[in-house]
Amino acid sequence: MTLDKHKLDGIPQITAKILPGDEFEVMLVQEGYQRAGSAPAQGKRIKVWWNHPKHRRVEAIYSPDGKIAITAYHVD
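Throughout what follows, the structure given in this document is the object of discussion. (Residues numbered from 1 in each chain as written. Predicted model: local features only at pLDDT ≥ 70, side-chain atom pairs only at ≥ 80, totals over all residues. Heavy atoms only, no water.)

**Thoughts on the nonpolar core**
Here is step 1 of the chain: Among the nonpolar cores identified, the biggest contains 15 residues, and Leu8, Phe24 and Trp50 are the most heavily contacted of them.
Here is step 2 of the chain: Looking at this core, the elements with two or more residues in it are helix 1 (21-31), strand 3 (46-51), strand 4 (58-62) and strand 5 (68-74).
Here is step 3 of the chain: Element by element, the count of residues in this core is highest for strand 4, at three residues.
Here is step 4 of the chain: Apart from the residues lying within four places of it in its own chain, the contact partners of Trp50 are Glu25, Leu28, Val29, Tyr33, Gln34, Arg35, Ala36, Arg57, Val58, Ala60 and Tyr62. (Core = buried A, V, L, I, M, F, W, Y, C linked by side-chain atoms within 4.5 Å. Buried < 20%, exposed > 50% of the residue type's maximum accessible area, 1.4 Å probe, protein only. Helix = DSSP H or I, 4+ residues; strand = E, 2+ residues; numbered from the N terminus. Contact = heavy atoms within 4.5 Å.)

Rendered as structure tokens:
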């Protein structure tokens, strides 16, 4: 639950520890990020990668049902 701990390129600082997944994704898409893929993550969570033509790639971790964005950070 550390969504507020990381600054994502092009996105205003997130101040909430978690966000509804759809709300988080709208922020990314509006900035021009595109979902690039997903995979299982530790604890039955879901890992999703987001690409952007200018910003660094983002890796986001969601709850097992994908409804809550738990954390996101740059991996490049």
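**Considering the side chain of Thr71**
Here is step 1 of the chain: Its place among the elements puts Thr71 in strand 5.
Here is step 2 of the chain: With a relative accessible area of 10%, Thr71 lands in the buried category.
Here is step 3 of the chain: A distance of 2.9 Å separates polar atoms of two side chains, one belonging to Thr71 and the other to Thr2.
Here is step 4 of the chain: In this view, Thr71 contacts Thr2, Leu3, His6, Glu59, Ala60 and Ile61; residues no more than four positions away in its chain are not counted. (Polar contact = N/O pair within 3.5 Å; in protein donor to acceptor, adjacent residues only side chain to side chain.)

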